[in-house]
Protein chains: 2
Amino acid sequence: MIAKEQHQELLAKYAEAVVRVGLNLRKGQRLIINNGASRGVPPAGREFIYAVTKAAYAAGAKYVEVIWGDEEMLRLRLQHAPADSFNEYPKFHIQAVMDMIQNGDALLSVYANDPDAFDGLDAERIAAMQRAHLTQYSPIGAQVSRNAINWCVVASSSPSWAKKVFPDLEQEEAEAKLWQAIFETTRATLPDPIAAWEGHIANLKVRAKYMQAKKYSALYYKGPGTDFTLGLPHGHIWGGAQSMAENGVIFTANMPTEEIFTLPDRHRAEGTVAATFPLSYGGSLIEDFSVTFENGRIVKVNAKKNEAILQKIVDTDEGSTRLGEVALVNATSPIGKRDHLFYNTLFDENASCHIAIGRAYRFTLTGGAELTDEEFIAAGGNLSLNHVDFMIGSPHMDIDGITQNGEREPVMRSGEWAFDV
Amino acid sequence: MIAKEQHQELLAKYAEAVVRVGLNLRKGQRLIINNGASRGVPPAGREFIYAVTKAAYAAGAKYVEVIWGDEEMLRLRLQHAPADSFNEYPKFHIQAVMDMIQNGDALLSVYANDPDAFDGLDAERIAAMQRAHLTQYSPIGAQVSRNAINWCVVASSSPSWAKKVFPDLEQEEAEAKLWQAIFETTRATLPDPIAAWEGHIANLKVRAKYMQAKKYSALYYKGPGTDFTLGLPHGHIWGGAQSMAENGVIFTANMPTEEIFTLPDRHRAEGTVAATFPLSYGGSLIEDFSVTFENGRIVKVNAKKNEAILQKIVDTDEGSTRLGEVALVNATSPIGKRDHLFYNTLFDENASCHIAIGRAYRFTLTGGAELTDEEFIAAGGNLSLNHVDFMIGSPHMDIDGITQNGEREPVMRSGEWAFDV
């Protein structure tokens, strides 16, 4: 357990890193804080939001606005609202974020969600509510996927999340331990978090540069339950940590981030890939699952828990049957080294190589932002209401790069980088 | 202290009375829950909001939406934001409520505010932020003041409010005691709250009918520090408890409510009136104050605490220098009989006769909803960004009605009704 004073100090350091490295908030910029998944930031995120707000005003923010939400309201709705009412949606949330994006404001997403928020509730109702959400939210997704403004996704501890991660601890102890895990993985516990982040970002850039120079045609994955190839399209761009937004600000979109990532070819994916971590999606946990691709398309899903929810994700639209992102993370990353799951993609995806089905990032393709939707798809990009990452890496995973000439080169062996930089 | 189970039961009964008597929510209607003063419902209101949400879905609501707020965010802004930034405003809150009003949805305002939220902060900054709020909020005020939809204002206990009302009690005990006070004054502790409300509403209607038949030209107030006359315009309508909204729903706009009220003539008010309760306004408490009128206009304010804030309210606009509502409550009303203040107008105004400066209700003038702004003003109505009630009644107050012939008749003596019905 951390003493209260020390906790406040770490919270302030974390918040400062989020504002200065994550968002790189500019003087005079406005900041909007949201969480799409729970229709606003859950109240458990309050303490952290206050710290971010102080850091933002200290960095010269003109105005900080929060869209607050409450998962219990969603639960009550799923339990008690009329069956035909799930198209109702708080459209003003969308307008709020879109107005601020159009004004060039920064966008922070704060997760403080309960991984089991919708546990035991009706899957049909959950899917209907989620579908309305994805449809309404897609204009924001489109703006974010083109980096219209500087944005960042981070997390705050929350009572239910902490208890999920550390079920054997008392409530208060679990929350303190989850905070400690967040502080450590976001480098807030280091003497100079800002400098540590600058060093870390430089390291990721070197890995991305190596992969960029290789211009691999495909990646081949081999591990327990996995025998899988995905294509990389012409013009794919490897990125890591930092991006430049259309408003000119260089930002770091995730904290923590341990990945380098690029665009897979939506037309080329073959074989079966097994998830190595559970997937927390919209209040439900999908466990022990695998996905089989043919000609780039998912033809089969299999899950020991919540297979119906996984199938519903894939059935959302055509783009949800195809890949939108591929990312490499070594299994002994600061998050991979930890001996527990987070049940939260922001963290678990940085413990492990992962892929995402659904919407691709325009900036992972050369000239991607200028293409029409049709041109983007023809070039290998993907469009969808969804962008769902899931984890496929482990210490038992080997990855080869397949060159334009069809030769195989080791990229990862037993979950670790197989090349020096 | 109330046992937890009993508390939940009372909360459910209170919520049901709010939904069925206050809002009279119709099957298939949507409900939006907000609190303008704190830019959304404070998190302290959560438990009560859940109870209201369950009651609303049980009554057939199609959808329940909450705009959540957080007074601490306002405090941080007042402390740290740039001085020239207070025109920034979460406009999406306004759009959200306006969209739902235009759709014919019901509107519930839930107070769970800290009466001292802005204690010790800069009065200029508070006034600048408040002014932006009132300006942005005025379209909603205009819709509510014409009863465009069924609406209701109620309260939830909150930690800081409870401690203000019961400063000598331990935190938990203070909250339980404030809940008990809310339950008692909203009749939730009675065996059948719905039936009790029906009886109470009928009683208020009989008082209003008596006053309506009198068609007094003016009311004269005499008490300690008070020697005051206000005019009542031709066509003034006495109301109590229930109104009919433009969407056809008969609703009860405040819970609790002990008042009958009508439109004062903005052109006729003379003399000095002393407040008998402190006024909690936008996070500050104005205490021991009086207001002096000449020709309907406030020419002088005097307050022992926060006179500057009182003066700023009056200086907001021309309409803030004149009256918009007059209400009669006997001093031994269920709230007047209690031995403590609530530091919240919703309750304190129902302990005491009161008047409001600022915006008048269109429905308190015959044909008021059809008049242009100019015609409404000419007829004695008032327009303003503000509508601020303050309490002037006490067991030492006498009120006379002045007939069209200039005769005086007793309306109240020593704070009690002076006529039988």
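Student: Would you take a moment to explain the overall build of chain A for this structure?
Tutor: In terms of helices and strands, chain A carries 11 helices and 20 strands. In terms of principal-axis extent, the alpha carbons of chain A reach across some 55 × 50 × 45 Å. Partitioning the contacts of chain A with sequence separation of at least 6, the portion at a separation of at least 24 is 75%. Just so you have it, chain A exposes about 15,900 Å², and 48% of that area is on carbon and sulfur atoms. Positive and negative side-chain charges in chain A, numbering 40 and 53 respectively, have mean positions lying 3 Å apart.

Student: Where do I start with the pattern of salt bridges in this structure?
Tutor: Throughout the structure, instances matching the rule amount to 38 salt bridges over all chains. Between K214 of chain A and E409 of chain A there is a salt bridge; the shortest N-O distance is 3.1 Å. With a gap of 195 residues between them, K214 of chain A in helix α8 (residues 193-214) and E409 of chain A in strand β19 (residues 408-413) connect regions that are remote in the sequence. On the accessibility criterion, K214 of chain A (30% relative accessible area) is partly exposed. Between D373 of chain A and R362 of chain A there is a salt bridge, with the nearest N and O atoms lying 2.6 Å from each other. A residue pair is termed long-range when its members are at least 10 positions apart, and D373 of chain A in helix α11 (residues 373-378) and R362 of chain A in the loop between β16 (354-358) and α11 qualify at 11 residues. For R362 of chain A, a relative accessible area of 9% puts it in the buried group. One connected set of salt bridges, linked through shared partners, spans R30, K62 and D105 of chain A together with E88 of chain B.

Student: Please clarify how the relation of the copies chain A and chain B should be interpreted in this entry.
Tutor: For the pair of chain copies, the relating transformation is a rotation about an axis with a translation along it. When chain A is fitted onto chain B, the two copies agree to an RMSD of 0.0 Å after a turn of 180° and an axial shift of 0.0 Å. Read as a symmetry element, the transformation amounts to a two-fold axis. Here 100% of the contact residues of chain A are again contact residues in chain B; the copies associate through an equivalent surface.

Student: Is there a simple way to think about the pairing of strand β13 (residues 284-294) of chain B in this case?
Tutor: Consecutive residues of a regular strand have side chains that alternate between opposite faces of the sheet. All names here are of chain B. Where burial is concerned, most of β13 is hidden: 8 out of the 11 residues are buried. As paired strands, strand β11 (residues 269-274) and β13 are joined by 4 bridges and run antiparallel to one another. Counted as the bridge partner of G271 is F293 from β13. Looking at chain direction, strand β12 (residues 279-281) and β13 are connected through 3 bridges and run antiparallel.

Student: What's the story with the domain arrangement of chain A in this structure? I'm lost.
Tutor: Interfaces are often described in size by the accessible area the parts lose on coming together. Residue and element names in this part refer to chain A. According to the domain assignment, chain A consists of domain 1 (4-185) and domain 2 (212-239 + 258-417). When each unit is reduced to the centre of its C-alpha atoms, the spacing between domain 1 and domain 2 is 24 Å. Listed by partner, the interface residues are 33 residues for domain 1 and 26 residues for domain 2. Here domain 1 packs against domain 2, burying approximately 2,500 Å² in sum over the two surfaces, 62% of which is carbon and sulfur. Area buried by domain 1 at its contact with domain 2 is led by L134, S145 and T185, which between them contribute 22% of it. There are 2 salt bridges connecting domain 1 and domain 2. A salt bridge links R338 to E184; its shortest N-O distance comes to 2.9 Å. The interface formed by domain 1 and domain 2 includes 6 residue pairs in polar contact (both at pLDDT 80 or more).

Student: Can you help me understand the sheet that holds strand β1 (residues 30-34) of chain B in this one?
Tutor: To summarise the sheet geometry, strands pair through backbone hydrogen bonds and adopt either a parallel or an antiparallel arrangement. Residue and element names in this part refer to chain B. Strand order in the open sheet formed by 4 strands is β2-β1-β3-β4, and the pairing between neighbours is parallel. Looking at which strands have only one partner, the edges of the open sheet turn out to be β2 (63-66) and β4 (151-155). Strand-to-strand twist across the sheet, computed as the mean angle between neighbouring axes with direction ignored, equals 20°. The pairing of β1 with strand β3 (residues 106-111) spans 4 bridges and is classified as parallel. Within β3, the residue paired with N34 across the bridge is S109.

Student: Sorry if this is basic, but what is going on with the interface of chain A and chain B here?
Tutor: If you look at the interface, chain A gives 31 residues, while chain B gives 31 residues. Between chain A and chain B, roughly 2,900 Å² of surface is buried when both sides are summed, and carbon and sulfur atoms account for 70% of that area. Across the chain A-chain B interface, the total number found is 6 salt bridges. Taking the shortest distance from any N to any O, the salt bridge between R46 of chain B and D70 of chain A comes out at 3.3 Å. Seen at the junction of chain A and chain B, the total is 10 residue pairs in polar contact (both at pLDDT 80 or more). If you list the elements that add at least two residues to the side of chain A that touches chain B, you get α2 (46-58), β2 (63-66), α3 (71-80) and α4 (91-102) of chain A.

Student: Even after reading the chapter, I still don't get the sheet that holds strand β3 (residues 106-111) of chain A, so can you show me in this structure?
Tutor: Residue and element names in this part refer to chain A. Spatially, the 4 strands line up as an open sheet ordered β2-β1-β3-β4, and their pairing is parallel. The strands lining the two open edges of the sheet, one partner per strand, are β2 and β4 (151-155). Taking the axes of each pair of neighbouring strands and ignoring which way they run, one obtains an average angle of 20° across the sheet. In the sheet, strand β1 (residues 30-34) pairs with β2 via 4 bridges, with the strands oriented parallel.

Student: What exactly am I supposed to notice about the packing of aromatic side chains here?
Tutor: The geometry of an aromatic ring pair comes down to the distance between the two centres and the angle between the two planes. According to the stated counting rule, one finds 31 aromatic pairs over all chains in the structure shown. Plain terms: the ring middles of W417 of chain B and F419 of chain B are 5.4 Å apart, the flat faces sit at 65° to each other, and that makes the pair edge-to-face. Of the aromatic side chains, those joined through ring pairs into one cluster are Y14, F48, W179 and F183 of chain A. The ring of W197 of chain B carries the charged tip of R187 of chain B above its face, separated from the ring centre by 5.2 Å.

Student: So what exactly am I meant to see when it comes to the packing of helix α1 (residues 4-22) of chain A against helix α7 (residues 171-185) of chain A here?
Tutor: The relative placement of two packed helices is expressed as an angle between their axes plus a distance between the axes. Residue and element names in this part refer to chain A. As a packed pair, α1 and α7 sit with axes 10 Å apart at the nearest point and diverge in direction by 40°. Judged by the inter-axis angle, α1 sits oblique to α7. As for the relative orientation of α1 and α7, their crossing is left-handed in sense. Residues H7, L10, L11 and Y14 of α1 touch α7, and the partners they reach there are W179, Q180, I182 and F183. In terms of residue class, the contact of α1 with α7 is built from 6 nonpolar, 2 polar and no charged.

Student: Please clarify how the pairing of β2 of chain A should be interpreted in this entry.
Tutor: Of the two faces of β2 of chain A, both are covered, the one formed by Y63 and E65 of chain A as well as the one formed by V64 and V66 of chain A. As for the winding sense of the linkage, the β-α-β connection from β1 of chain A through α2 of chain A to β2 of chain A is right-handed.

Calculation rules
- Residue indices begin from 1 for each chain and proceed along its sequence in written order.
- For this description, chains carry letters from A and ligands carry numbers from 1, given in the order in which they are written.
- Local features in this predicted model are restricted to residues whose pLDDT is 70 or higher, and side-chain atom pairs enter the listing and the counts only when it is 80 or higher, whereas totals over whole chains, interfaces and linings include all residues.
- Neither water nor hydrogens contribute to the side-chain values; these are computed over all heavy atoms in the structure.
- Strands here are runs of E lasting at least two residues and helices are runs of H or I lasting at least four, both read from the DSSP assignment and numbered beginning at the N terminus.
- Whether two residues touch is decided by their heavy atoms; if any such pair falls within 4.5 Å, the residues are in contact.
- The accessible surface values rely on the Shrake-Rupley method and a 1.4 Å probe; as for residues, cover is taken only from the protein chains in view.
- Only four residue types enter the tally: Lys and Arg on the positive side, Asp and Glu on the negative side, with His and both chain ends excluded.
- Note on charges: their place is set at NZ of Lys, CZ of Arg, CG of Asp or CD of Glu.
- Put simply, a salt bridge is a Lys or Arg side-chain nitrogen that is within 4 Å of an Asp or Glu carboxyl oxygen.
- Summary of the burial criterion: residues with accessible area below 20% of their type's maximum are buried, those above 50% are exposed, and those between are partly exposed, where the area comes from a 1.4 Å probe applied to protein chains only.
- Residues below a pLDDT of 70 in either copy are left out; the C-alpha atoms of the rest, at least 70 in both, set the least-squares superposition of the copies.
- We treat two strands as partners when DSSP finds at least two bridges between them.
- Each domain span listed reflects an automatic or database assignment of domains.
- Summed over both partners, the accessible area (1.4 Å probe) lost when two parts come together is defined as the buried area.
- What qualifies as a polar contact is a pair of N or O atoms within 3.5 Å, subject to a donor-acceptor requirement within protein and to the restriction that residues adjacent in sequence count only when both atoms come from side chains.
- Throughout, an axis means a line fitted to C-alpha atoms (over the contacting stretch in the case of helices), and angles, computed between N-to-C directions, take values from 0 to 180 degrees.
- Two aromatic rings from Phe, Tyr or Trp, using only the six-membered ring of Trp, form a pair when their centres are within 6.5 Å; if the ring planes differ by under 30 degrees the pair is stacked, by over 60 it is edge-to-face, and anything between is tilted.
- Placement of a positive charge over a ring is assigned whenever Lys NZ or Arg CZ falls within 6 Å of the ring centre and within 35 degrees of the normal to the ring plane.
- The cut-offs work like this: below 35 degrees is roughly parallel, past 145 is roughly antiparallel, 65 to 115 is roughly perpendicular, and the gaps in between are oblique.
- Here a crossing is taken to be left-handed if its near helix is turned anticlockwise relative to the far helix by less than a right angle, and right-handed if that turn runs clockwise.
- Gly is placed with the polar residues, together with every amino acid not listed as nonpolar (Ala, Val, Leu, Ile, Met, Phe, Trp, Tyr, Cys and Pro) or charged (Asp, Glu, Lys and Arg).
- Whether a crossover is right-handed comes down to one check: with the strands pointing away from the viewer, does the path from the first strand over the helix to the second run clockwise; if it does, it is right-handed.

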